[in-house]
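One letter stands for each residue in the lines below.
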Number of protein chains: 2
Amino acid sequence: MRKAVILLSGGMDSSTVLYIAKSEGFELHAVSFDYGQRHVRELECAKAVAQEAGVKEHIVVRTNMDAWGGSALTDKGIDVPENEPHKDRIPITYVPARNMIFLSFAASYAEAIGSQDIFIGVSEVDYSGYVDCRQEFIDAMESAINAGTVCAVQDGRKIKIHTPLIHMTKAAEIKLGLKLGVDYELTWTCYKGEELACGTCDSCTLRLKAFREAGYEDPIPYQAASRGES
Amino acid sequence: MRKAVILLSGGMDSSTVLYIAKSEGFELHAVSFDYGQRHVRELECAKAVAQEAGVKEHIVVRTNMDAWGGSALTDKGIDVPENEPHKDRIPITYVPARNMIFLSFAASYAEAIGSQDIFIGVSEVDYSGYVDCRQEFIDAMESAINAGTVCAVQDGRKIKIHTPLIHMTKAAEIKLGLKLGVDYELTWTCYKGEELACGTCDSCTLRLKAFREAGYEDPIPYQAASRGES
């Protein structure tokens, strides 16, 4: 059975991608990261989603990526922006080279277990200035992986980075995910780590909009009144 | 003052590279990794070398890269090979995609502090099957970094990976390092983490041979009698 390494954050996108890999018949190996995010809420969701999907193995890589801060997601001194649309600027939630770090670990894991398939839930559709969500970056990273791993260079077993969501709207993603059995109630999207999702941060706003467009109700509870504001 | 990010393991190569960056007038920012190596001896050396060189900042990234083992350097169940020359095969000390992970973190750090220069002590001369020490991989990784960081994509501030040792023999490296003020007594090379270097592992053997060829005595003490054996 072919093995796939899936980058799993516990959010909607990576959870959907996990089920896409599952539907393609892969043995599932999920990797999550505990890197100094503000909260571990999404890690708990990653574990729940992985279990629900029946993964073979779920690895949590711990690292102090917050050693140099520079992002609202890791630097506790910066406030998370609310309802602040970002057009031509980099959102403050940007973690430098985060997907590059994630994909490097995924490549290491893939080589160790003999997998040639890495899945990541990046999208250019909801691209909000995250340069490391673009196909151009993914292609460059795939080249680097295939120049820097023994399996690819010496054994001819090249590694492919799958980006099934790259051109998919979030609404289409939700429709597909529901068909594949994703339980979106287990997923976490809010930038904040409170008991209930805030419903007002950039991330909640995008999620709620996507569910509306898909014609489904978001199964997770939100803080009172916030739902209507988005 | 231009800032440089230097990958510093505490070994000879990275310590030499640190002093090369220093000689080129960079403000020095060193990064070391605590990733489940068998011993922390080389991390202590990295700290000593960084301090001696007068770095501006020294970051230690902690991560459980040993989560999936696959290498004698991280998997405590595998013995370190002794006096076992490796020609056409990958040494068991190989950590999958290690330099890719290191360079990804270096890129993140570089972007966070506004540096455009990463230094790494890889060499093709003493290339022992480590595919991620080849210039071809470094070039691919540099492309990935410049496709995946905001500074490069949006601000036009591209990042360069410097590999000053790529074509240098270890003997030439030692001569250069001594001229630049590297205190090799502070550096650690042995794969094992004992009080004294063993003098017999692959790594010690290469080091001792290099010092002999350079015409200098290795300033670190070795376990009794081992020196003659190599």
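Numbering of residues starts from 1 in each chain and follows the order in which that chain's sequence is written. Whichever chain is written first is A, and whichever ligand is written first is 1; the rest continue in order. Note on the predicted model: pLDDT of at least 70 is required for a residue's local features to be given, and 80 or more for side-chain atom pairs to be given and counted; whole-chain, interface and lining totals, by contrast, use all residues.

Draft legend 1. How the structure looks around the interface of chain B and chain A. By the criterion used throughout, residues are in contact when their C-beta atoms, derived from the backbone, lie within 7 Å. Listed per partner, the contact involves 39 residues of chain B and 40 residues of chain A. For helices the rule is a DSSP run of H or I covering at least 4 residues; for strands it is a run of E covering at least 2, with both sets numbered from the N terminus onward. Where the side of chain B that touches chain A is concerned, the elements lending two or more residues are β3 (57-62), α3 (98-113), α4 (135-148) and α5 (150-153) of chain B. Broken down by element, the residue count for the side of chain B that touches chain A peaks at 11 residues, all from α3 of chain B. We call Asp, Glu, Lys and Arg charged. Ala, Val, Leu, Ile, Met, Phe, Trp, Tyr, Cys and Pro are nonpolar, and the rest, Gly among them, are polar. Taken together, the residues that form the side of chain B that touches chain A break down as 24 nonpolar, 11 polar and 4 charged.

Draft legend 2. Examining the relation of the copies chain B and chain A more closely. When the copies are superposed, the least-squares fit draws on C-alpha atoms of residues that have pLDDT of at least 70 in both. Rotating chain B by 180 degrees and translating it 0.0 Å along the rotation axis places it on chain A, where the RMSD comes to 0.0 Å. The two molecules are tied by a two-fold rotation axis, judged by turn and shift. The C-alpha atom lying nearest the rotation axis in chain B is that of Thr63 of chain B; the distance is 2.2 Å. Mapped onto chain A, 100% of the interface residues of chain B are again interface residues, and the two copies thus contact each other with one and the same surface.

Draft legend 3. Quick peek at the sheet that holds strand β1 (residues 3-7) of chain B. All names here are of chain B. Strand order in the open sheet formed by 5 strands is β3-β2-β1-β4-β5, and the pairing between neighbours is parallel. Across the chains shown, the open sheet's two edge strands, defined by having one partner strand only, are β3 and β5 (160-162). Taking the axes of each pair of neighbouring strands and ignoring which way they run, one obtains an average angle of 25 degrees across the sheet. Strand pairing is defined by DSSP finding a minimum of two bridges between the two strands. Direction of pairing for strand β2 (residues 27-34) relative to β3: parallel, over a ladder of 6 bridges. The residue of β3 that forms the bridge with Val31 is Ile59. Across the sheet, helix α1 (residues 12-23) touches β1, β2 and β4 (117-119), and the angle it forms with β1 is around 170 degrees. Only the contacting stretch of a helix is used when fitting its axis, a line to C-alpha atoms as for every element, and angles between N-to-C directions run 0 to 180 degrees.

Draft legend 4. Up close: the confidence of the model for chain A. All names here are of chain A. For chain A, mean pLDDT is 85; residues scoring 70 or higher make up 82% of the total. The pLDDT score gives, residue by residue, the confidence of the prediction method on a 0 to 100 scale. In this model, residues 71-78 is a region of pLDDT below 50 whose contacts with residues beyond four sequence positions or in other chains number 23 contacts. In this model residues 83-92 is a low-confidence stretch, pLDDT under 50, and it forms 15 contacts with partners more than four residues away in sequence or in other chains.

Draft legend 5. Layout of unusual backbone geometry. Residue and element names in this part refer to chain A. With a phi close to 55 degrees, Ala97 is a non-glycine residue in the positive phi region. In this structure, Ala97 sits in the loop between β3 (57-62) and α3 (98-113). Overall, Ala97 belongs to the buried group, with 31 C-beta atoms counted inside 10 Å. Any residue surrounded by 20 or more other C-beta atoms within 10 Å of its C-beta is treated as buried, while 12 or fewer makes it exposed and the intermediate range makes it partly exposed; C-beta atoms here are placed from the backbone.

Draft legend 6. Fine view of the sheet that holds strand β1 (residues 3-7) of chain A. All names here are of chain A. In space, the 5 strands of this open sheet follow the order β3-β2-β1-β4-β5, with parallel pairing throughout. Unpaired on one side and paired on the other, β3 and β5 (160-162) mark the two borders of the sheet. Averaged over all pairs of adjacent strands, the angle between strand axes in this sheet comes to 25 degrees, irrespective of strand direction. Each of β2 (27-34) and β3 touches helix α2 (residues 41-53); the most contacted strand, β2, lies at about 175 degrees to it.

Draft legend 7. Fine view of the packing of helix α1 (residues 12-23) of chain A against helix α6 (residues 170-180) of chain A. Residue and element names in this part refer to chain A. The contact between α1 and α6 brings their axes to 9 Å, and the two run at 50 degrees. Taken together, the axes of α1 and α6 lie oblique to each other. Considering the relative orientation of α1 and α6, their crossing is left-handed. Here Asp13, Thr16, Tyr19, Ile20 and Ser23 of α1 lie close against α6, whose contacting residues are Glu173, Leu176, Gly177 and Leu180. Looking at the contact of α1 with α6 residue by residue, the classes come out as 4 nonpolar, 3 polar and 2 charged. Angles are sorted into four bins: roughly parallel if under 35 degrees, roughly antiparallel if over 145, roughly perpendicular if 65 to 115, and oblique for all others. Here a crossing is called left-handed whenever its near helix is offset anticlockwise from the far helix by less than a right angle, and right-handed whenever the offset is clockwise.

Draft legend 8. Quick peek at the packing of α6 of chain A against helix α7 (residues 202-214) of chain A. Residues and elements named next belong to chain A. Relative orientation of the contacting elements α6 and α7 amounts to 65 degrees, with a least axis distance of 8 Å. When the axes of α6 and α7 are compared, the pair comes out roughly perpendicular. Note that α6 runs across α7; the crossing there is right-handed. For the pair α6 and α7, contact is made by Lys170, Ala171, Ile174 and Lys175 and by Leu206, Ala210, Phe211, Glu213 and Ala214, respectively. For the contact of α6 with α7, the residue count by class is 6 nonpolar, no polar and 3 charged.

Draft legend 9. Main features of α6 of chain A. Residues and elements named next belong to chain A. Of all the residues in α6, the buried ones are Lys170, Glu173, Ile174 and Gly177. All buried residues of α6 fall inside an arc of 100 degrees around its axis, so they share one side. Of the surrounding elements, those touching the buried residues of α6 are α1 and α7. Phi for Gly181, located one or two positions after α6, is positive at around 100 degrees. Think of it as the arc spanned by the lines of direction from the helix axis to the C-beta atoms.

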